[in-house]
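# Results of the structural survey
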Amino acid sequence: MGVQLPFPTPQIEYSLLLPVLVILGAAVVSVLIEAVAAESLRRTLQPLLAFGSLAIALAGCVGLWDQRQVVAQGALVVDGPTVILQGTLLILAVLGALLMMESRVDPAGDPFAARASTIPGSADERGFGARRQTEVWPLFLFAVGGMLMFPAANDLLTAFIALEVFSLPLYLLTGMARRRRLLSQEAALKYFVLGAFSSAVFLFGSALIYAATGSLDFAGIADAVSADPTSGLLLSAGVALLLAGMLFKVGAAPFHQWSPDVYQGAPTALTAFMSAATKVAAFGALLRVMFVALGGAAWDWQPAVAVIAGLSMLVGAITAVVQSDIKRVLAYSSVAHAGFILTGVLAASPKGLSGSLVYLVAYGFVTLAAFGLLTVVRSPAGEATDVQQWAGLAKKSPVTASVFSLLLLTMAGLPLTSGFTAKFAAWSAAWGGWQTGVVVIGAVSSTIAAAFYLRIIVSMWFSEGDDAVVVALPGLGTRTVVGVGVASAVVFGVAPQLLLGLVDGVGVFLR
Amino acid sequence: MSPAAYLALAAVLFSLGCTGVLLRRNAIVMFMSVELMLNAANLALVTASRMHGNLDGQVFAFFSMTVAAAEVVVGLAIIVQIFRSRRSASIDDASLLKL
Amino acid sequence: MIAVFWVCAVLSVAGGFGMVFSRKAVHSALWLALTMINLAVLYVSQQAEFLGIVQVVVYTGAVMMLFLFVLMIVGVDSSDSLVETIRGHRLASVAAVLALLVLVLTMINQATQSLALNIVPTGLEGANADEGGNVQGIAKLLFGRYVFAFEVTSALLITAALGAMVLAHRDRLTRVPGQEELSRERLADPATAAGLPAPGVYARHNAVDTPALLPDGSIAENSLPGALVLRGTTHDVREEVAVTRAAELASDPKQAQEEQS
């Protein structure tokens with residue numbers, strides 16, 4: 001009785017899993033440092049550990065360039081798209097960490113509350129002053145670890161676990177802003193409730209897919225789908241619910257309701273990281289599930305994805321026009337970007353895959369830089385995020401205004417910027433056939449978006465400004481982040497082959 | 001008993017959970033409705049496991065319970081923090097963020 | 001088997017309705033616990049014995065108890081207002097959910113008609129017997145096929161513990177004085193050396209909100225709990241003291257003479 005002994009040792013390919021293992025290991029060490037070290041030591045040690053582990057993981061990831069293998073007993077896959085996505089995520093994590101460390105723009109300290117457990121406005125909170133909550137670093141590393149796993153997951157179970165691993169720290173971090181804490185806590189609650197709801201929908205969808213196909217891993221599901229194309233409505237119901245759960249995470253309409261509130265309430269450094277990295281991870285997983293597991297049932301989900309893509313692009317562009325808060329403007333525009341990326345997903349072909357990947361990489365750097373730039377425009381109460389407060393910015397700081405203009409124009413898709421390269425890649429994959437309609441909607445949405453971006457740019461350069469709003473001088477970290485964003489916008493626009501060649505060279509998903 | 005009946009029960013409980021999330025204004029009850037949805041999914045997984053004769057579904061349900069437990073900890077911590085700041089757990093009182 | 005299913009199904013759905021439609025949050029929690037226990041029975045009836053026990057121990061026993069603890073902190077009496085903030089929200093929600101339910105039930109029904117779904121389940125006798133039991137079968141998968149997810153779940157649990165501490169554990173700004181320190185402070189001042197007066201020492205009251213009287217008849221303010229003083233909910237005994245004092249003086253002329261001099 002009992003399991004047959006000797007129990008075969010599970011095979012874990014440690015070298016191939018290096019990025020994920022290093023980050024998660026560093027996160028655990030980070031928690032130990034929290035327990036043991038004094039606060040003054042933690043302040044320097046934690047960021048050092050974070051950057052060190054991110055660097056090692058990035059090196060490991062680059063080393064995986066040529067690997068094509070299913071690893072960890074079938075839980076994860078290391079293939080071309082995995083390497084691109086994990087590499088992008090690690091670079092975005094480094095940039096996000098630089099923003100999180102920024103303590104020059106806000107005289108009160110870094111973007112996170114000194115002690116998240118104090119009541120906003122209490123004497124206790126004032127007593128803690130400019131201290132740091134260094135627990136953000138282990139939480140950040142756990143989030144990055146989960147994000148690295150999510151696009152590499154090869155079965156529904158690992159995907160679900162990875163989804164939760166990266167979501168929980170983000171819910172916590174959203175509520176830990178230093179300024180406007182009530183808003184931040186409310187955003188955390190909203191993010192949490194809607195996130196938990198979408199995870200439950202994802203789980204039920206997985207359960208129905210398992211009921212219809214008998215298998216949890218993507219290869220098994222693909223086999224079941226191709227063996228019996230009429231697997232019927234149970235599979236469709238499962239796919240619909242799974243898709244709904246994942247589209248929530250990427251912030252596509254009509255599942256986007258959480259993103260403006262959460263982006264507005266969360267500390268801007270975290271918003272920058274979230275808006276870029278969560279999309280990259282979630283779209284990576286979405287692409288893998290849709291292409292590998294459900295590729296055979298493409299006609300099932302393509303119409304729905306087409307409708308959602310069109311809806312996202314239109315809702316994102318139109319609603320952004322009436323927003324009065326710059327963070328919400330950028331949030332709605334990222335909803336539109338999700339729609340553009342979905343256009344690539346729609347194509348259900350290798351070209352669609354590379355188009356989506358190109359868009360994700362280009363978009364990630366630009367949006368992170370844009371949110372990072374928001375932190376430098378300040379009023380006495382904190383960040384000046386009202387659109388009217390940005391009027392006349394060019395007189396106070398021509399550099400800030402021109403960089404922000406460039407980033408906005410990139411997001412609008414101006415030729416010779418990475419935005420144009422990205423849109424071209426995503427749309428050309430979907431061009432031809434019935435998907436062309438979605439591309440047309442995309443073009444319309446781009447035009448609307450360009451209109452209100454131009455409105456903001458004009459107000460920055462040609463309007464009279466508010467004297468109370470100043471442009472703070474950021475530290476080296478923020479400047480690096482913005483510099484990388486601008487460099488990527490220009491370089492990938494002027495020399496698109498660099499990005500297109502990189503993505504094309506990695507090939508397709510491994511089954 | 002046919003697995004279809006169990007799946008139907010799971011669907012009913014899932015819908016009840018959805019209703020709870022959409023209708024209730026108290027954050028804790030909304031979260032309890034999400035727990036009901038997770039339980040419904042677990043029931044579907046166990047049924048599917050029996051349908052296909054392998055234990056993967058049960059293992060997935062087991063992991064889902066672990067995940068739910070961790071999620072409950074995080075969620076209730078957030079709710080307690082908000083309650084301390086505002087003396088209220090009603091989601092209507094948390095209205096600084098407007099659509 | 002069929003009887004078990006119907007009893008548990010009806011009770012679970014009743015629990016679900018009870019949870020969604022109870023006015024008080026505590027009642028919702030208890031209805032949910034009922035649903036969870038019934039689901040545990042359904043798991044056991046479907047040859048998932050391990051999961052059934054874990055459902056009772058972990059889900060009902062730990063998770064629901066945690067909900068109840070938090071409800072006690074937040075306020076046991078908390079109940080929702082029934083006023084709609086967005087008009088038509090309630091109707092739209094119910095309509096949406098009914099649509100979803102009809103959809104899923106139709107799909108399940110369709111699936112049972114088609115040949116794709118096994119109407120006769122394969123059953124888990126084989127899988128359970130393979131390894132010598134349900135627990136052993138799950139163990140084989142947990143430590144074999146799904147070992148990576150199993151290890152990564154620890155990251156989840158660490159995050160949960162860390163997050164709960166960060167959000168809920170209040171750090172102290174000042175050091176906590178030790179027992180020796182507190183003792184020294186107390187004995188240094190003759191007024192506190194014998195211990196502070198307990199509240200309500202006045203012969204007619206023994207409530208916490210009634211101040212004590214010092215030997216000379218004055219009211220000892222430091223015998224009241226600080227929170228009650230801040231809230232202003234303490235018992236005002238000055239009138240009583242004055243009346244009793246006057247009565248004392250009236251009955252004892254010698255004291256009255258002392259008072260006057």
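Residues numbered from 1 in each chain as written. Chains lettered and ligands numbered in written order. Predicted model: local features only at pLDDT ≥ 70, side-chain atom pairs only at ≥ 80, totals over all residues. Heavy atoms only, no water.

### Considerations on the overall build of chain C
- On a plain count of helices and strands, chain C comes out with 12 helices and 2 strands.
- The helix and strand sequence of chain C, counted from the amino end, reads α-α-α-α-α-α-α-α-α-β-β-α-α-α.
- Looking at the 261 residues of chain C, the share that counts as buried comes to 35%.
- Expressed as a percentage of contacts within chain C between residues at least 6 apart in sequence, the contacts between residues at least 24 apart total 43%.
- Carbon and sulfur atoms make up 65% of the accessible area of chain C, which amounts to about 15200 Å² in all. (Helix = DSSP H or I, 4+ residues; strand = E, 2+ residues; numbered from the N terminus. Buried < 20%, exposed > 50% of the residue type's maximum accessible area, 1.4 Å probe, protein only. Contact = heavy atoms within 4.5 Å. Areas by Shrake-Rupley, 256 points an atom, 1.4 Å probe, with all protein chains shown as cover.)

### Observations regarding unusual backbone geometry
All names here are of chain A.
- Of note, the bond from A253 into P254 is cis; its omega dihedral lies within 30 degrees of zero at 0°.
- Mapped onto the fold, P254 is located in the loop between α9 (232–250) and α10 (258–265).
- Positioned with a positive phi, A72 is a non-glycine residue whose angle comes to about 55°.
- With respect to the helices and strands, the residue A72 is situated in the loop between β1 (69–71) and β2 (76–78).
- Of note in this structure, L416 is not a glycine but carries a positive phi near 75°.

### A few points about the side chain of A:H256
Residues and elements named next belong to chain A.
- Relative to the elements of secondary structure, H256 occurs in the loop between α9 and α10.
- Given the relative accessible area of 7%, H256 is considered buried.
- If we skip the residues at most four places from it in the chain, H256 touches G251, V315, Y332 and V335.

### What to know about the environment of A:L163
All names here are of chain A.
- The residue L163 is located in helix α6 (residues 156–174) in this model.
- Under the relative-accessibility criterion, L163 is labelled buried at 4%.
- Sequence separation of L163 and I326 is 163 residues, and the distance between their C-alpha atoms is 29 Å.
- Apart from the residues lying within four places of it in its own chain, the contact partners of L163 are F150, S199, F202 and K249.

### Some points on helix α2 (residues 27–52) of chain B
All names here are of chain B.
- In this model, α2 (26 residues) spans 38 Å end to end at C-alpha, consistent with the 38 Å of a helix rising 1.5 Å per residue.
- Counted residue by residue, α2 has 25 buried out of 26 residues, so it is predominantly covered.
- At the N-terminal boundary of α2, the capping side chain belongs to N26, with an oxygen 2.9 Å from the backbone nitrogen of I28.
- Looking one or two residues beyond α2, the residue adopting positive phi is G53, at roughly 75°. (Expected span 1.5 Å × (residues − 1). Polar contact = N/O pair within 3.5 Å; in protein donor to acceptor, adjacent residues only side chain to side chain.)

### Topic: the interface of chain C and chain B
- Each side of the interface is counted separately: chain C has 80 residues, and chain B has 66 residues.
- Each partner contributes to the roughly 6800 Å² buried at the junction of chain C and chain B, and carbon and sulfur atoms together form 77% of this total.
- Together, C:Q46, C:Y59 and C:F67 form the three largest contributors to the area buried by chain C at its contact with chain B, with a combined 10%.
- At the boundary of chain C and chain B, one finds 11 residue pairs in polar contact (both at pLDDT 80 or more).
- Listed by contribution, the elements that provide at least two residues to the side of chain C that touches chain B are α1 (2–21), α2 (25–45), α3 (49–74), α4 (89–113), α5 (125–130), α6 (134–143) and α7 (147–168) of chain C.
- In terms of residue count, the dominant contributor to the side of chain C that touches chain B is α3(C) (13 residues).
- Looking at side-chain class alone, the side of chain C that touches chain B contains 54 nonpolar, 22 polar and 4 charged residues. (Buried area = accessible area lost by both parts, 1.4 Å probe. Nonpolar A, V, L, I, M, F, W, Y, C, P; charged D, E, K, R; others polar.)

### A few points about the sheet that holds strand β3 (residues 377–379) of chain A
Residue and element names in this part refer to chain A.
- A sheet is described by the order of its strands in space; here 3 strands give the open sequence β4-β3-β5, paired in antiparallel fashion. One side of each edge strand has no neighbouring strand; the edge strands of this open sheet are β4 (382–383) and β5 (470–471).
- Relative to β5, β3 runs antiparallel, the two being bridged by 2 bridges. When the bridges of β5 are listed, R378 appears paired with V470. (Pairing = 2+ DSSP bridges.)

### Details of the domain arrangement of chain C
- Splitting chain C by domain gives domain 1 (1–74) and domain 2 (196–256).
- Just the C-alpha atoms count here: the centres of domain 1 of chain C and domain 2 of chain C sit 54 Å apart. (Domains from an automatic or database assignment.)

### What to know about the interface of chain A and chain C
- Between chain A and chain C, the contact holds 50 residues from the first and 32 residues from the second.
- In total, chain A and chain C occlude about 3600 Å² of area from one another, counting both sides; carbon and sulfur atoms represent 77% of this.
- In this structure, the connection of chain A to chain C is made through 2 salt bridges.
- When the shortest N-O distance is used, the salt bridge between A:D155 and C:R145 registers 3.5 Å.
- Where chain A touches chain C, the interface holds 4 residue pairs in polar contact (both at pLDDT 80 or more).
- Looking at the side of chain A that touches chain C, the elements that each hand over two or more residues are α1 (18–36), α4 (123–128), α5 (136–149), α6 and α9 of chain A.
- By residue number, the principal contributor to the side of chain A that touches chain C is α6(A), which donates 8 residues.
- Looking at the side of chain A that touches chain C residue by residue, the classes come out as 33 nonpolar, 9 polar and 8 charged. (Salt bridge = Lys/Arg side-chain N within 4 Å of Asp/Glu carboxyl O.)

### Here we look at the confidence of the model for chain C
- Mean pLDDT for chain C: 81, with 82% of residues reaching 70 or above.
- Across the interface, the model reports ipTM at 0.93; the global pTM reads 0.89. (pLDDT = per-residue confidence, 0-100.)

### Things to note about a nonpolar patch on the surface
All names here are of chain A.
- Taken together, L416, V490, V491, V494 and L498 make up a surface patch of nonpolar side chains, about 450 Å² in accessible area.
- Broken down by element, the residue count for the nonpolar patch peaks at 3 residues, all from helix α19 (residues 476–494).
- Assignment of secondary structure puts V491 in helix α19.
- Judged by its relative accessible area of 39%, V491 is partly exposed. (Patch = residues over 30% accessible without salt bridge, like charges linked within 9 Å, V, L, I, M, F, W, Y side chains within 5 Å.)

### Description of the environment of A:A487
- Following the sequence through the fold, A:A487 ends up in helix α19.
- Separated by 27 residues in the primary sequence, A:A487 and A:M460 have C-alpha atoms spaced 22 Å apart.

### Points about the side chain of A:R178
Residues and elements named next belong to chain A.
- Position of R178 relative to the elements: it lies in the loop between α6 and α7 (181–213).
- Within the local environment of R178, its side chain forms a polar contact with the backbone oxygen of R131, the two atoms lying 2.8 Å apart.
- Discounting chain neighbours no more than four positions away, the residues touching R178 are D106, A108, G109, D110, P111, F112, A113, A114, G129, A130 and R131.

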